[in-house]
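Reading the structure
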Amino acid sequence: MSDAVDISVEFAGLKLANPVFTVSGTCGYGDELSDFMDVGSLGGFVTKSITAEPRKGNATPRIVETDAGMLNAIGLANIGLEKFIEEKIGVLEKLKTSVFVNVAGQAIEEYVQVTEKLASEKAISGIELNISCPNVKKGGISFGTDPALILEITSAVKKACGNKVLMVKLTPTVTDISVTARAAVEGGADALSLVNTFTAMSIDIETGKAVLANKTGGLSGPAIKPIAVYLVNKVYNEVAKDAGIPILGMGGIRTASDAIEFMIAGASAVGVGTANFIEPGCAVKIIEGIKGYCRRKGTGKVSDLVGTLG
Amino acid sequence: MSDAVDISVEFAGLKLANPVFTVSGTCGYGDELSDFMDVGSLGGFVTKSITAEPRKGNATPRIVETDAGMLNAIGLANIGLEKFIEEKIGVLEKLKTSVFVNVAGQAIEEYVQVTEKLASEKAISGIELNISCPNVKKGGISFGTDPALILEITSAVKKACGNKVLMVKLTPTVTDISVTARAAVEGGADALSLVNTFTAMSIDIETGKAVLANKTGGLSGPAIKPIAVYLVNKVYNEVAKDAGIPILGMGGIRTASDAIEFMIAGASAVGVGTANFIEPGCAVKIIEGIKGYCRRKGTGKVSDLVGTLG
Amino acid sequence: MSKTKKGLFEGVVSFNKQIGERFYRLGLRFKGEAGKAFAGLVPGQFAEFDISTAGLPACGEIPDDLRDSARRELLLRRPFSFCNVEIDGDEVEVEILYCVVGAGTIRMTTLAAGDIISVVGPLGNGFSVPESKSTALLVVGGMGAPPILHLAKVLKEKHPEIETVGFVGAKSAVDFPLEEIQGQSKDALKSMSDFELNGVTWQVASDEGDIGHKGFVTEKLEEWLGSCDAQKDTIIIYSCGPAGMLRNTAAIAERHGVDCQVSMEQMMACGIGLCQSCAIECKGDGGTEYKLCCKDGPVFDSRDVVFKV
Amino acid sequence: MSKTKKGLFEGVVSFNKQIGERFYRLGLRFKGEAGKAFAGLVPGQFAEFDISTAGLPACGEIPDDLRDSARRELLLRRPFSFCNVEIDGDEVEVEILYCVVGAGTIRMTTLAAGDIISVVGPLGNGFSVPESKSTALLVVGGMGAPPILHLAKVLKEKHPEIETVGFVGAKSAVDFPLEEIQGQSKDALKSMSDFELNGVTWQVASDEGDIGHKGFVTEKLEEWLGSCDAQKDTIIIYSCGPAGMLRNTAAIAERHGVDCQVSMEQMMACGIGLCQSCAIECKGDGGTEYKLCCKDGPVFDSRDVVFKV
Ligand SMILES: Cc1cc2nc3c(=O)[nH]c(=O)nc-3n(C[C@H](O)[C@H](O)[C@H](O)COP(=O)(O)OP(=O)(O)OC[C@H]3O[C@@H](n4cnc5c(N)ncnc54)[C@H](O)[C@@H]3O)c2cc1C
Ligand SMILES: Cc1cc2nc3c(=O)[nH]c(=O)nc-3n(C[C@H](O)[C@H](O)[C@H](O)COP(=O)(O)OP(=O)(O)OC[C@H]3O[C@@H](n4cnc5c(N)ncnc54)[C@H](O)[C@@H]3O)c2cc1C
Ligand SMILES: Cc1cc2nc3c(=O)[nH]c(=O)nc-3n(C[C@H](O)[C@H](O)[C@H](O)COP(=O)(O)O)c2cc1C
Ligand SMILES: Cc1cc2nc3c(=O)[nH]c(=O)nc-3n(C[C@H](O)[C@H](O)[C@H](O)COP(=O)(O)O)c2cc1C
Ligand code: FES
Ligand code: FES
């Protein structure tokens, strides 16, 4: 068996150097990580959520550690679309990796407006539609849990995003994720990403109050990994495989072994989130580890692993 | 401030010595824990799920450890109703604590039939209706996620359970737990218990197969605690408080501090599950810890903590 | 051999010694109630250790294949059998022999003399010695060594009338969790067909043939049984090791009409009968039934077990 | 004071010494690239320590109030400032002063000389010394001591021309994380109004009055400023401590027209600008804006900060 391993992957028409992304809200706008790794060696990079207007975000505390996890309620703090295009696009362009901009909003029009502006930016490979953030509401139901709304918003954004890849990010907190996944696919999603965080709460028993200023926050980290692997496998089996739509799988990935679990479950690419905080640069180690695994197992192409769960 | 602390609680008409239960599937039928603690000192005890016929359960491996959690797919292994009444009721009677029998089934008739038999057993204070186990299916949708089915099964069992307290155990894997909670309350539930485990998966990357023989299993343990606290708080605020229905809160409780978090969130009583495996007897420590907290905080009655989240 | 009350105890580490690339011996001392409980430990019984309080070795000291799993946060206890129990006045020192295979056992290597760890035990049913036996055949595969070594010692001390013959096998020389073998040169290993330990002579086999007989240890067992003249009902086999080896041993015992006790392994969450995770398929009335490895075992009569592998 | 490149490094524990009921001093040695990075550390900069690899002390040694939280599995790194940096040829030894308050710091107490831990640093912006200053007033509240002690030393060494006056306060004598105080008898404490450390004389205050001035340390600061004749623009205040104390210090600085740098704390997940968790509300153009404690701070000009408590 030859030592040559092809770890590049095709992802919704994009040719990625490898399947490893750093994901929204955990890797800044690209410059912050560069002290620790060559960001250009990533398969892909997803920016912090961008909204039409700048957002200050929530009051502090915005995070709290839990067992093998953390809650965050950053509140979509971001510099806003205009400043993003002015100040950050240039940095992202230099990254030499496929950049997805995560887009959030309060209303369908906002999503469309932000996407339209971004669609003309050469530096960007795709849009990640964030319909799974607990702060975004419409009629009391957040976008990401209502299949009809998902269909509507995905179709609208699809029209606005030109030739950019449209990836829809799903929330795990639904009764049946295949239903929301299917709605996104029907709306025209080119790729799905999952999972976003789980709504959760931590209480300080000395004060009798929630630890987070926002009371609730999103649970991420290794704690959620087994649920995320299950949901990726479910979406792969019930929706993505037949639709030919790739999945960016994430939730608690910290090592190459974790990443491979997600790929076997059905993810074509994998996202590193919370782990960036603990070991900035671990994404590079994960890429190396995936390569080593393929070599050891005689897997010629890393994409041969995808959805092979026996 | 006096040192006297009243840690007894009223729970759906039952007077419990304290708010601490050991919960279904994690404390056997009562005799196994007695080497490590006085089971009679518990506020309440919930048995392993009982079905009409004995069940062997799933093939092994049935469990796997994950970060700060574990997956189980025991498959409702149990000795069946008949043998349970013959061999275990006597043991339970001697426990001197309030015993709930967890009832599971494949069809509404089975739930009703098992409940009817148990309704005449003096040793039993209540029935816990397990409609949240991933193995129980009807028409492809598990009972616990469909509000109409929850209403139907709860009403049917309510009629069969005589003067026993009827507690309905909710699954956390729904889009909006207030909807399922409300259905149970409308069906006549006297109490709600939550959460059951989260469906999840662990993959062995060396074999490319799921670790569990059953492929998926239920995630429990500290990993899920912040989600469980949030869900208890949500059910308390949106359903239980106004309906005057108590909640048995559980999910990752290992210490008195954990238990108090759940009570502040809205649980009238708390359940210790996975932690029994790690420190058999920890329930007694938790009772002591709650007492100590109340004394230190000048909380005269432990029930004054319930739902006080500021 | 009498059983004592189990409990949740603290033990003090007395030593933790590396005896092979992946093998360690750990000593633990118990006093008071804990001492009393473990003084009565029967070979084959086990205990559940909480290793979550131990630290991780430095990254560079973690074997490559464990680097990814090593950081997993431990939740559950880990079950281990014992290879020795020494009673020393009021105190009892027990010894376990462990192999570094994952997140828990890698942390275990950082335990040092004086560290205190929490132990639930002694648990389960150990080996028993029926009245009528005059020969005991001990059959070990790899990490199955600890309880059988303990049994060898107890047989020599308490049943000197029983003739005890040992068989021990593993993949290759490095896979024997025994100082007697790990210490030897390649040449010495090559020519070693048996050795003495705990008063018993052990015949050696290895799949790769770099030590002892090239082949399965059960071949040596079968050879011995084939050439022995003793009444078959006076012989008993005690075995611990990988599932495939236990299945072979059980089949040989069956073929020769010899009693056989096997110590089984299963993933365990609790070790005390609460969780039902450790099911072992056994023959029951008109079918099969699951028994609990932790409570009904880990030692079973080989005739009762439905071997799967 | 110049800033060096940050990175992910390994440090070797050189000592870990208890200096009070809850206070410890931990030494770490860095070599090579790590040494170069930390040799340039500016007082007020910090680093993120991975303590998840450390063990837990025995249950009996865990303070009662931490027993429930101690077992939480650590995920995130923990931020600490430094109280000293010594350059020793190729190697650099840094020292942190920590207080045991939770799951991470209780594990920290089990670190021993020779243990290797992973450190991300040096991070953030430290204190700076504007050209025009001839007097530095150092104001410490409780656990705010480490970076200010470091600053005191650096000022003495690199800016001997600056007159440096210290003020240190805490709830009561046991809450000073200083060996100089923890070592003293009750009587000695009672009569102690100031002491020498790192070449500076520190005036002492405590809420309970069991050491030094009974009252807030900021009262001593205000008193000093009130009675000094120096030009206000030649004076600078450096402060670290609880939020309320920093707010008071900032208000005093404002009132006296004196420059003031404060080192802020915020819950941090990453320490390097990735997560946006460590927001500090600052005055911005026509409103307020959040800055990042880890990247824009932890040291801020007190005029920029919107104090909340
Ligand atoms: C009754 C009993 C007695 C045992 N006695 C010994 C002994 O004397 N010496 C010794 O080295 N080991 C013994 N074991 C096995 C030991 O419990 C496991 O090696 C240990 O739990 C692995 O922990 P870990 O965290 O390092 O590995 P993990 O990271 O948890 O797992 C690593 C690998 O070990 C396997 N494994 C984990 N737990 C078990 C288990 N309970 N049984 C079988 N395989 C497991 C996993 O499937 C996985 O492949 C015994 C097991 C049982 C059930
Ligand atoms: C820039 C910076 C420098 C610091 N320097 C020092 C130092 O020199 N010496 C020292 O003892 N401590 C210092 N701290 C505080 C230190 O980081 C926390 O005490 C530590 O992280 C607590 O960890 P734990 O796991 O023991 O506590 P946890 O169990 O995580 O929490 C226990 C308590 O500590 C509080 N806490 C936790 N993390 C922080 C944090 N980042 N900031 C403020 N409070 C926190 C929590 O709110 C909680 O009340 C510094 C913090 C920052 C942000
Ligand atoms: C601090 C923090 C901020 C996040 N911000 C965003 C965000 O702005 N938009 C988004 O779609 N997801 C956001 N996420 C979710 C992550 O992108 C990811 O879906 C989730 O954390 C699960 O992966 P992990 O367990 O590897 O972190 C954030 C996560 C964290 C921890
Ligand atoms: C091994 C195991 C078996 C379980 N069996 C049952 C069961 O038979 N019926 C049931 O309603 N819940 C069962 N549960 C769920 C628990 O009762 C509880 O809802 C869940 O584990 C969350 O609590 P914990 O995190 O404290 O364990 C089981 C949980 C475990 C870990
Ligand atoms: S390990 Fe829990 S029942 Fe055997
Ligand atoms: S701690 Fe993450 S941005 Fe400051």
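Everything quoted here is computed from the prediction, not taken from an experiment. Per chain, residue numbering runs from 1 following the sequence as it is written. Chains carry letters and ligands carry numbers; both start at the beginning, A for chains and 1 for ligands, and go up in the order they are written. Per-residue local features of the predicted model are confined to residues with pLDDT of at least 70, and side-chain atom pairs are confined, for both listing and counting, to 80 or more; whole-chain, interface and lining totals are unaffected and use all residues. Heavy atoms from the whole structure form the basis of all side-chain values; hydrogens and water molecules are not counted.

A word on the sheet that holds strand E8 (residues 126-130) of chain A
Residues and elements named next belong to chain A. Using the following cut-off: In this scheme, strands are said to pair when DSSP sees at least two bridges between them. Segments assigned H or I by DSSP are reported as helices when at least four residues long, segments assigned E as strands when at least two residues long, and all are numbered from the N terminus. A fitted line through C-alpha atoms represents every axis, and for helices the fit uses only the stretch in contact; the resulting angles, taken between N-to-C directions, go from 0 to 180 degrees. In what follows, a contact means two residues having at least one pair of non-hydrogen atoms within 4.5 Å.
Judged by pairing direction, the barrel is parallel, and its eight strands sit side by side in the order E3-E4-E7-E8-E9-E10-E15-E16 before closing back on the first. Averaged over all adjacent pairs, the angle separating strand axes in this sheet is 25 degrees, with direction ignored. Packed onto the sheet, helix H2 (residues 108-119) meets strand E7 (98-103) and E8 and runs at close to 155 degrees relative to E7.

Points about the pairing of E8 of chain A
All names here are of chain A. Put simply, the rule is: Type-normalised accessible area, obtained with a 1.4 Å probe on protein chains alone, sets the label of each residue: buried when under 20%, exposed when over 50%, and partly exposed for intermediate values. Orienting the strands away from the viewer, one traces the path from the first strand over the helix to the second; a clockwise path indicates a right-handed crossover.
Among the five residues that make up E8, five are buried, leaving the element largely enclosed by the rest of the structure. In E8, alternate side chains face the same way, and those of Gly126, Glu128 and Asn130 on one face and Ile127 and Leu129 on the other are all buried. Direction of pairing for E7 relative to E8: parallel, over a ladder of four bridges. Opposite asparagine 102, over in E8, you have glutamate 128 as the bridge partner. A crossover links E7 with its parallel partner E8, the connecting element being H2, and its sense is right-handed. Of the pairings in the sheet, the one linking E8 to strand E9 (residues 165-169) comprises five bridges and is parallel in character. Paired with asparagine 130 across the bridge in E9 is lysine 169.

Observations concerning the relation of the copies chain B and chain A
Using the following cut-off: Least squares is the method used to superpose the copies, on C-alpha atoms of residues holding a pLDDT of at least 70 in both.
In screw terms, the move from chain B to chain A is a rotation of 180 degrees and a rise of 0.0 Å along the axis, fitting with an RMSD of 0.0 Å. Such a combination of rotation and displacement between the chain copies is what one expects of a two-fold axis. Interface overlap between copies is the fraction of interface residues in one copy that are interface residues in the other; for chain B against chain A it reaches 100%, indicating a shared surface.

Let's talk about the pairing of strand E15 (residues 279-284) of chain D
Residues and elements named next belong to chain D. The pairing of E15 with strand E16 (residues 287-292) spans six bridges and is classified as antiparallel. Bridging from a neighbouring strand, glutamate 281 pairs with tyrosine 290 of E16. Once E15 ends, the chain turns through two residues before running back antiparallel as E16, passing glycine 286 with a positive phi of about 60 degrees.

Topic: the site of ligand 1
Residues and elements named next belong to chain C. Here is the rule we go by: We call a residue near a molecule or strand as soon as one heavy atom of that residue lies within 4 Å of the molecule or strand. A 3.5 Å cut-off defines polar contacts: any pair of N or O atoms within that distance qualifies, except that in protein one atom must be a possible hydrogen donor and the other a possible acceptor, and neighbouring residues in sequence count only when both atoms are side-chain atoms. What sets the accessible areas is the Shrake-Rupley method with a 1.4 Å probe; for residues, cover comes only from the shown protein chains. Residue polarity is assigned by list, with Asp, Glu, Lys and Arg as charged and Ala, Val, Leu, Ile, Met, Phe, Trp, Tyr, Cys and Pro as nonpolar; anything else, Gly included, falls into the polar class.
Lining the immediate environment of ligand 1, one finds 20 residues, of which Arg78, Pro79, Gly104, Thr105 and Glu265 sit closest. Residue serine 81 places a main-chain N or O atom 3.1 Å away from a nitrogen atom belonging to ligand 1. One of the backbone nitrogen or oxygen atoms of alanine 103 is found 3.2 Å away from an oxygen atom of ligand 1. Within the complex, the protein chains bury 78% of what would otherwise be the 840 Å² of accessible surface of ligand 1. Split by residue class, the shell around ligand 1 holds twelve nonpolar, five polar and three charged.

Thoughts on the nonpolar core
Convention followed: To qualify as a nonpolar core, a set must consist of buried Ala, Val, Leu, Ile, Met, Phe, Trp, Tyr and Cys residues joined through side-chain atoms within 4.5 Å.
If you look at the biggest cluster of nonpolar residues, it comprises 312 residues, and the most contacted ones within it are Leu192 and Leu194 of chain A together with Leu192 and Leu194 of chain B. Once residues lying within four places of it in the same chain are set aside, the contact partners of leucine 192 of chain A are Met167, Val168, Leu170, Ala181, Ala184, Val185, Val235, Ile245, Pro246, Ile247 and Leu248 of chain A. With 35 residues, the next largest nonpolar core counts Ile19, Cys99, Ala170 and Cys240 of chain C among its residues.

Focus on the domain arrangement of chain C
Residues and elements named next belong to chain C. As a reminder, the rule being used: Residue ranges assigned to each domain were obtained from an automatic or database domain assignment. By definition, the buried area sums, over both parts, the 1.4 Å-probe accessible area that each loses when the two are put together. Each reported salt bridge corresponds to a side-chain nitrogen of Lys or Arg within 4 Å of a carboxyl oxygen of Asp or Glu.
Looking at chain C, the domain boundaries give domain 1 (7-123) and domain 2 (135-263). Using only C-alpha atoms to locate each centre, domain 1 and domain 2 end up separated by 25 Å. In this complex, domain 1 contributes 18 residues to the contact, which on the side of domain 2 involves 15 residues. Ranking the residues of domain 1 by area buried against domain 2 places Phe23, Pro43 and Leu97 at the top, with a combined share of 41%. Applying the counting rule to domain 1 against domain 2 returns three salt bridges. As a salt-bridge pair, glutamate 179 and arginine 25 come within 2.5 Å of each other at their nearest N and O atoms.

Points about the interface of chain B and chain A
With 41 residues of chain B in contact, the opposing surface of chain A contributes 41 residues. Both sides together, the interface formed by chain B and chain A hides about 3400 Å², and carbon and sulfur atoms give 63% of it. For the pair chain B and chain A, the interface holds six salt bridges. Taken together, the elements giving at least two residues each to the side of chain B that touches chain A come down to strand E11 (198-201), strand E13 (209-210), strand E14 (216-220), helix H5 (225-243), helix H6 (256-265) and helix H8 (282-297) of chain B. Taken together, the residues of the side of chain B that touches chain A break down into 21 nonpolar, twelve polar and eight charged.

Observations concerning the site of ligand 2
Residues and elements named next belong to chain D. Around ligand 2 sit 20 residues in total, of which Arg78, Pro79, Gly104, Thr105 and Glu265 are the nearest. Here an oxygen atom of ligand 2 sits 3.2 Å away from a polar atom, N or O, in the main chain of alanine 103. In this structure, an oxygen atom belonging to ligand 2 sits 2.6 Å away from a main-chain N or O atom of glycine 104. Within the complex, 78% of the 840 Å² of free accessible area of ligand 2 lies under protein. Going through the elements one at a time, strand E4 (78-81), strand E6 (91-99) and helix H3 (103-108) are the ones with two or more residues in the shell around ligand 2. The class makeup of the residues in the shell around ligand 2 is twelve nonpolar, five polar and three charged.

Topic: the confidence of the model for chain A
For residues with low pLDDT, the predicted coordinates do not support detailed interpretation. Note the following rule: As a per-residue measure, pLDDT reflects the predictor's confidence and takes values from 0 up to 100.
Per-residue pLDDT for chain A has a mean of 93; in total, 96% of the residues score no lower than 70. Considering only residues more than four positions removed or in separate chains, one finds that residues 136-141 of chain A, a stretch of pLDDT under 50, has ten contacts.

What to know about the pattern of salt bridges
Using the criterion set out here, one finds 74 salt bridges over all chains in the structure. As a salt-bridge pair, glutamate 93 of chain C and arginine 29 of chain C come within 3.7 Å of each other at their nearest N and O atoms. Of this pair, glutamate 93 of chain C sits in strand E6 (residues 91-99) while arginine 29 of chain C sits in strand E2 (residues 23-30), and the two are 64 residues apart along the sequence. According to the relative accessible area criterion, arginine 29 of chain C is partly exposed, its value standing at 25%. A salt bridge links aspartate 64 of chain D to arginine 67 of chain D; the nearest nitrogen and oxygen atoms lie 3.3 Å apart. You can call aspartate 64 of chain D exposed: its relative accessible area is 64%. When salt bridges that share partners are traced, they join Lys17, Arg25, Glu95 and Glu179 of chain C into one network.

Side note on the packing of aromatic side chains
Test applied: Any two rings among Phe, Tyr and Trp, with Trp reduced to its six-membered ring, count as a pair given centres within 6.5 Å; such a pair is stacked if its planes are under 30 degrees apart, edge-to-face if over 60, and tilted if neither. Criterion for a charge above a ring: Lys NZ or Arg CZ within 6 Å of the ring centre, and within 35 degrees of the ring normal.
Within the structure shown, the criterion is met by 27 aromatic pairs over all chains. For the pair phenylalanine 80 of chain C and tyrosine 98 of chain C, a centre-to-centre distance of 6.4 Å together with 70 degrees between the ring planes defines the contact as edge-to-face. Of this pair, phenylalanine 80 of chain C sits in strand E4 (residues 78-81) while tyrosine 98 of chain C sits in strand E6, placing them 18 residues apart in sequence. The class of phenylalanine 80 of chain C is buried, set by a relative accessible area of 13%. Aromatic rings pair up to connect Phe9, Tyr24, Phe30, Phe38, Phe49, Phe80, Phe82 and Tyr98 of chain C into one cluster. Here the basic side chain of arginine 62 of chain A rests over the ring of tyrosine 290 of chain D, its NZ or CZ set 4.7 Å away from the ring centre.

Topic: the sheet that holds strand E7 (residues 116-123) of chain C
All names here are of chain C. Strand order in this open sheet of seven strands is E4-E3-E7-E1-E2-E6-E5, and the pairing throughout is antiparallel. Bordering the open sheet on either side are E4 and strand E5 (84-88), each of which pairs with just one other strand. Averaged over all neighbouring strand pairs, the angle between strand axes comes to 35 degrees, with direction disregarded. In this sheet, E7 lies alongside strand E3 (residues 46-50) in antiparallel orientation, the contact comprising four bridges. Bridge pairing in E7 places aspartate 50 opposite serine 118. Against the sheet, helix H4 (residues 145-158) engages E4, E5 and E6, with an angle of about 50 degrees to E5.

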